[in-house]
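Inside the fold
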Amino acid sequence: MLIVALIILVFLLITAWASYTGAPWVPARRHDFQAILDDAVVKKNDRLIELGCGDGRLLLAASQRGAHVVGYEINPLLWLIAWLRCRRQPGISVHFGNFWQINLKPYDVVITFLVPRTMSRLGRKAAGEMKKGSRLVSYIFELKDKKPFKRGRSWFIYKY
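What you are looking at is a predicted structure, and each value in this text was computed from that prediction instead of being measured. (Residues numbered from 1 in each chain as written. Predicted model: local features only at pLDDT ≥ 70, side-chain atom pairs only at ≥ 80, totals over all residues. Heavy atoms only, no water.)

**Thoughts on the sheet that holds strand β4 (residues 109–112)**
Taken together, seven strands build an open sheet; the order of strands is β3-β2-β1-β4-β5-β7-β6 and the sheet is mixed. The outermost strands of the open sheet, each flanked by one partner alone, are β3 (92–96) and β6 (150–151). With five bridges connecting them, strand β5 (residues 135–139) and strand β7 (residues 155–159) associate as antiparallel partners. When the sheet's bridge partners are listed, V137 is paired in β7 with I157. (Pairing = 2+ DSSP bridges. Helix = DSSP H or I, 4+ residues; strand = E, 2+ residues; numbered from the N terminus.)

Shown next as structure tokens:
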């Protein structure tokens, strides 16, 4: 029983830490996936990264379009779920780690679902790293210092 309690405590601490450094996991609505990918003009051979990939469902949807897909997740349980879900799919890699350390320059499309307190940091990171013509998709929350080139039902798309 003590081991179970310790496992639960560790899980809660890791989840709290992951929520503090990025965002708590709130899954994106499945019915939004294709519209997000359409609006972001995700196509074959695009390089796409999802910052905080959660359970990996959006990674799979992007991969089905022929994109080369990378996901980062800091919550070990969600990382494991995403990794298990995507492990046999060619063109997808799922990494356990802090996405703030990743350079965004190689990617054509960056997708994220963060919280308002992290959006200004994301805006600075994107402005300094994203290449010309790349797109940033922010689910639910918008960047305050940049005008989106397209708005979806629950997302904002920015061009760099």
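**Considering the pattern of salt bridges**
Opposite charge on two side chains lets them pair, provided their charged atoms get close. Counted by the stated rule, this structure contains ten salt bridges. The closest approach of N and O atoms between R153 and D32, which form a salt bridge, is 2.8 Å. Highlighted residues: R153 in the loop between β6 and β7 and D32 in the loop between α1 (2–21) and α2 (33–39), separated in sequence by 121 residues. Note on R153: relative accessible area 57%, which makes it exposed. Owing to a relative accessible area of 0%, D32 belongs among the buried residues under this scheme. The partner of D46 in a salt bridge is R135, and the shortest N-O contact between them spans 3.1 Å. (Salt bridge = Lys/Arg side-chain N within 4 Å of Asp/Glu carboxyl O. Buried < 20%, exposed > 50% of the residue type's maximum accessible area, 1.4 Å probe, protein only.)

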